[in-house]
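Here is what each chain is made of, one letter per residue.
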Amino acid sequence: MPDEKETRIVEARLKLRDRFQARMQQTPAAADPRPQGHGPQNRHGMPRVPAGQTVTQGWPVLDLGRQPEVKISQWELIVDGAVEEPLKLSWKQFMELPQHEDVSDFHCVTTWSKLDVPWEGVQLSTVLALARPRPEASHLTTHAYDGYTTNLPLEEALKDDVLLVHTAEGKPLPLGHGGPVRIITPQLYAWKGAKWIHRIEILTRDRPGYWELRGYSNTAHPWRNDRYS
Ligand SMILES: Nc1nc2c(c(=O)[nH]1)N[C@H]1C(S)=C(S)[C@@H](COP(=O)(O)O)O[C@H]1N2
Ligand SMILES: [Mo]
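None of the values given here were measured: they were computed from a predicted structure. (Residues numbered from 1 in each chain as written. Chains lettered and ligands numbered in written order. Predicted model: local features only at pLDDT ≥ 70, side-chain atom pairs only at ≥ 80, totals over all residues. Heavy atoms only, no water.)

**Observations concerning the site of ligand 1**
Put simply, the rule is: A single heavy atom is enough: if one lies within 4 Å of a molecule or strand, its residue is considered near that molecule or strand. Two N or O atoms form a polar contact when they lie within 3.5 Å of each other; inside protein one atom must be a possible hydrogen donor and the other a possible acceptor, and for residues adjacent in sequence the pair counts only when both atoms belong to side chains. Per-residue and other accessible areas were derived by the Shrake-Rupley procedure at a 1.4 Å probe size, with only the shown protein chains allowed to occlude residues. In this classification, the charged set is Asp, Glu, Lys and Arg, the nonpolar set is Ala, Val, Leu, Ile, Met, Phe, Trp, Tyr, Cys and Pro, and all remaining amino acids, among them Gly, are polar.
With respect to spatial proximity, 21 residues lie near ligand 1, and among them Pro-60, Asp-146, His-177, Arg-182 and Lys-195 are the closest. Within the contact set of ligand 1, an oxygen atom lies 3.2 Å away from a side-chain nitrogen or oxygen of Trp-59. Within the backbone of Pro-60, one N or O atom sits 2.7 Å away from an oxygen atom of ligand 1. Out of a free accessible area of 530 Å², ligand 1 has 97% covered by protein chains. Taken together, the residues that form the shell around ligand 1 break down as 15 nonpolar, two polar and four charged.

Below you can see the structure in the form of structure tokens.
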């Protein structure tokens, strides 16, 4: 039987998702009648490999060239902005949250896709449910330890497969891929997932992040080949 804390989180998540249900169903990955890509369908009914992407076996490293070494003892996750309950979680508190395993695909805008990556972490919807976004909250921006930022609408951020991951392919997430903790957004291009995540700021309006300000698409939907703005 799930413990009391877990039950509270599940209820808070359901309540929060209710507010965004209609908008979640309108996101391209849920509603697009003509997804662009090839290969068998994935579990969302989208072609497995989005248009213009090539499957890679390796896992390239892409970032701004600064890899901040954050020790687990110093790492913290802040959730603030338009929330009822701002959070500051230590590594220990983060690891005590309900843990989630998933296998999903990783699509980089530079045209490679890595399929079937096993991940472990915490659903972003879990920390959002705990922080309780205010009624007027609509977006978030993520701030990473290297200074990188990227934004998401809450209807994308609340999806089941959007995770704060600490483990990939059965091993602690390597520094190069954003360890100790990064975000993944399997239904959007990978730049929407901040490596070395530090702070999640809830917003009442959209605010473009690092690449969104430099010509990348704000919406970043792989099955619309939605790469640039
Ligand atoms: N903090 C941070 N996160 C980031 C980036 C970055 O420069 N800094 N680059 C983004 C980009 S452009 C991509 S494609 C993916 C790459 O993740 P990977 O290096 O694990 O393949 O991380 C995204 N997250
Ligand atoms: Mo990228």
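Having seen it, we continue.
**Regarding the sheet that holds strand β4 (residues 76–81)**
What counts here: By definition, two strands form a pair when at least two bridges between them are found by DSSP. The helix count covers DSSP runs of H or I at least four residues long, the strand count covers runs of E at least two residues long, and both are numbered beginning at the N terminus. Here an axis means a line fitted to C-alpha atoms, over the contact stretch when the element is a helix, while the angle between two N-to-C directions is reported on a 0 to 180 degree scale.
Strand order in the open sheet formed by five strands is β5-β4-β13-β8-β9, and the pairing between neighbours is mixed. One side of each edge strand has no neighbouring strand; the edge strands of this open sheet are β5 (87–90) and β9 (149–153). Between one strand axis and the next, the sheet turns through 15 degrees on average, direction left out of account. Where strand β8 (residues 139–144) meets β9, five bridges bridge the pair, whose relative direction is antiparallel. If you follow Leu-140 over to β9, its bridge partner there is Leu-152.

**Describing the side chain of Asp-226**
Which entries qualify depends on this criterion: Think of it in three bands: residues with accessible area under 20% of the maximum for their type are buried, residues over 50% are exposed, and the middle band is partly exposed, with areas taken using a 1.4 Å probe on protein chains only. When charges are tallied, Lys and Arg are placed among the positive residues and Asp and Glu among the negative ones, while His and the ends of the chain are skipped. Salt bridges are counted wherever a side-chain nitrogen of Lys or Arg sits within 4 Å of a carboxyl oxygen of Asp or Glu. Note on contacts: a residue pair qualifies if any of its non-hydrogen atoms lie within 4.5 Å across the two residues.
Position of Asp-226 relative to the elements: it lies in the segment after β13 (197–203). Buried within the structure, Asp-226 lacks any salt-bridge partner; its nearest side chain of opposite charge belongs to Arg-224, at an N-O separation of 6.3 Å. Side-chain polar atoms of Asp-226 contact the side chain of Thr-219, separated by 2.6 Å. Within the structure, Asp-226 has its side chain in polar contact with the backbone nitrogen of Ala-220 (distance 3.1 Å). Setting aside residues up to four positions removed in sequence, Asp-226 forms contacts with Tyr-189, Ser-217, Thr-219, Ala-220 and His-221.

**Regarding the packing of aromatic side chains**
In plain terms, the rule: A pair of aromatic rings is counted whenever rings of Phe, Tyr or Trp (Trp by its six-membered ring) have centres within 6.5 Å, and the orientation is called stacked for planes under 30 degrees apart, edge-to-face for over 60 and tilted otherwise.
Per the stated rule, a full pass over the model turns up 13 aromatic pairs. On the numbers, 5.8 Å between centres and 80 degrees between planes, the contact of Trp-75 with Trp-91 is edge-to-face. Here Trp-75 is found in the loop between β3 (54–55) and β4, whereas its partner Trp-91 is found in helix α3 (residues 91–95), with 16 residues between them in sequence. Each member of the pair, Trp-75 together with Trp-91, is buried. Geometrically, the ring pair formed by Trp-75 and Phe-94 is edge-to-face, given 5.2 Å between the ring centres and 65 degrees between the ring planes.

**Focus on the pairing of β4**
Relative to β5, β4 is paired through four bridges, and the arrangement is antiparallel. Across the sheet, Glu-76 pairs through a bridge with Ser-90, a residue of β5. Counting the residues between successive antiparallel strands, the hairpin from β4 to β5 contains five residues.

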